[in-house]
Amino acid sequence: MTSYKLLMLPGDGIGPEVAREVEKLTTFMTTKGVAKFEIDTDLVGGAAYDAHGVAITDAAMAKAQSADAVLFGAVGGPKWANVPYEHRPEAGLLRLRKEMELFANLRPAVCYPALADASSLKREIIEGLDIMIVRELTGGVYFGEPKEIVTLENGQKRAVDTQVYTTFEIERIARVAFDLAKVRGNKVTSTEKHNVMRSGVLWKQVVSNIHSKEYPEVELDHHLADACGMQLVRWPKQYDVIVCDNLFGDMLSDVAAMLTGSLGMLPSASLGAPNANGKRKALYEPVHGSAPDIAGKGLANPIAMIGSFGMALRYSFGLVQQADMVEKAIANVLAAGLRTKDIATHGQATIATSQMGDAIVAEFGKLI
Ligand code: NAD
C-alpha cells in the first residue's frame, strides 16, 4: 500500500488540540488498512520561537518541502505579542507559503443541512450550499511594487499599493479553477473589476483565452467582484467555483465563509504548481486562528482541521473516496445532533473537542 508523507505542524493555542483529533483519524485509517501515512511532526509559530528563537526552523522547512502534504494548525497568541517582528508566529506561515510557492488558495464553503439554522441567511438560501473559492495568493496588490507611503512637498502624505498581474499568474490560477470545476459542478465564475481596473481587463481576457483553448467543456461566466459579493448573500447556490485575485479573493472568501456558520467549520488548502509527475506542494489548514480565549479548555471545534485533512486526502493523496467518507462522517455526526459549543444553538447540549473527534472517527468506521 502506498504510504503518504504528512508533516503535522500543530502550532499554538488550539492548534495542537485540533491536530490531535486528526491523528486519531490517521491512526484509525492505518490500523484498518484504509490508507497508510508516514507522519512527522514539528514546531511552528510561537512554539518554534520558544524552542529555537525562530517561527520555523530550516529543518522544519526542509521537511515541509519534501512532504506529500503539510497539515498546519494555527499560530499566534498574546504570549508572543512582543517578540521581534521577523520572528512573530505568523512569520512561520508566511515563510511556508512563500518558499513552497503556494499560489492557489482553495476555500470551500459548504453548508451542512444540520447547521443551516446557524447561518445568518435563511435556510432555503444556504441549505445544501457547496461552493469553492479559488483565490490567487502570491500576487496582486498585497505584493505589487511600488508599495509605500511618501511625504509630499506640501507635508501631505501619499500612500501607494500596486495591483499587478502577469498573463502567467492569471493562467495558472485559472487552470486550478477549471480543473476543480471539472470534478465538481463544471462551472467557473471569474471575478474582477474590468470596468475600472486595467488588471481586471487582462484578467478577463486571459481567463477567457484559457477557457476557449483548454477547457471549452466547462461553463464560464464573468461577474464584477462587487456584484459577486452581492450575489453571494442573495443566491449563493448559483455558484460552483469562483476564481479571483488576491484582494477580491480575500474578501469574497470571508463572505462565503460566514454563510456556513462558525469559523470552527472551515477548512482550506494552499497549492503550488504541479511538478513533472503532476504532484503539487500543498499546505492544508483551518481558516481559524489559535483562539487563545478557549485554548486548553476542550472547547475547540476540530471539524475545520479534520476537514482540512479531508482536503489533503482529496487533492494531495488522490484518496477521493476516503475524502468523501470524511465529509460524510462529519455530516452524519452533525445530523445526529452532536455539537461543540461554537455551533450549538441556544439550549443545545455540547461536547468537548476530543468527543467530537472520537464521534467522527467512529462514524468514519461505520462507512468503511
Ligand atoms: P481566531 O480564529 O483564533 O478566533 C476568533 C474567535 O473564533 C474566537 O472567539 C475563538 O474562540 C473562535 N474560534 C476560532 N476557532 C475556533 C474553533 N475551532 N472552535 C471554536 N471556536 C473557535 O482569531 P483571533 O482571535 O482574531 O486570533 C487569535 C490569534 O490567532 C492571534 O494571535 C492571531 O494572529 C492568530 N491567527 C492565526 C491564524 C493562522 O494561524 N492561520 C489565522 C488567524 C488568526
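Located above this text is the structure these notes cover.
Residues numbered from 1 in each chain as written. Predicted model: local features only at pLDDT ≥ 70, side-chain atom pairs only at ≥ 80, totals over all residues. Heavy atoms only, no water.

Enquirer: Which parts of the structure should I look at to understand the site of the ligand?
Expert: In the vicinity of the ligand lie 21 residues, with Val75, Glu90, Gly289, Ala291 and Asn301 positioned nearest. Within the contact set of the ligand, an oxygen atom lies 3.1 Å away from a backbone nitrogen or oxygen of glycine 77. Between the ligand and asparagine 301, the relevant distance is 2.8 Å, taken from a nitrogen atom to a main-chain nitrogen or oxygen of the residue. Burial of the ligand by the protein amounts to 67% of the accessible area it has alone, namely 810 Å². Among the secondary structure elements, those contributing two or more residues to the shell around the ligand are β3 (69-74) and α4 (90-99). Taken together, the residues that form the shell around the ligand break down as 10 nonpolar, seven polar and four charged. (Near = heavy atom within 4 Å. Polar contact = N/O pair within 3.5 Å; in protein donor to acceptor, adjacent residues only side chain to side chain. Areas by Shrake-Rupley, 256 points an atom, 1.4 Å probe, with all protein chains shown as cover. Helix = DSSP H or I, 4+ residues; strand = E, 2+ residues; numbered from the N terminus. Nonpolar A, V, L, I, M, F, W, Y, C, P; charged D, E, K, R; others polar.)

Enquirer: When you look at helix α3 (residues 58-66) in this model, what are you seeing that I'm missing?
Expert: Structurally, the α-helix is built with 3.6 residues per turn, so residues lying three or four positions apart point the same way. Residues Ala60, Met61 and Ala64 constitute the buried set of α3. When α3 is viewed along its axis, its buried side chains cluster within an angular range of 105° and face the same direction. Elements that come into contact with the buried residues of α3 comprise β1 (3-11), β3 and α4. (Buried < 20%, exposed > 50% of the residue type's maximum accessible area, 1.4 Å probe, protein only. Arc of directions from axis to C-beta. Contact = heavy atoms within 4.5 Å.)

Enquirer: Any chance you could explain the sheet that holds strand β8 (residues 187-192) here in plain terms?
Expert: Picture the strands of a sheet paired through backbone hydrogen bonds; they go either parallel or antiparallel. As summarised here, the arrangement of the 10 strands in space is β2-β1-β3-β12-β11-β4-β5-β10-β8-β9, forming an open sheet in which the pairing is mixed. Every other strand in the sheet has two partners, leaving β2 (36-41) and β9 (219-224) as the edge strands with one partner each. For this sheet the average axis-to-axis angle between neighbouring strands, irrespective of direction, equals 25°. As judged from the three bridges shared by β8 and strand β10 (residues 241-244), these two strands associate in the parallel manner. When the bridges of β10 are listed, valine 188 appears paired with valine 241. (Pairing = 2+ DSSP bridges. Axes fitted to C-alpha atoms, helices over the stretch in contact; angles between N-to-C directions.)

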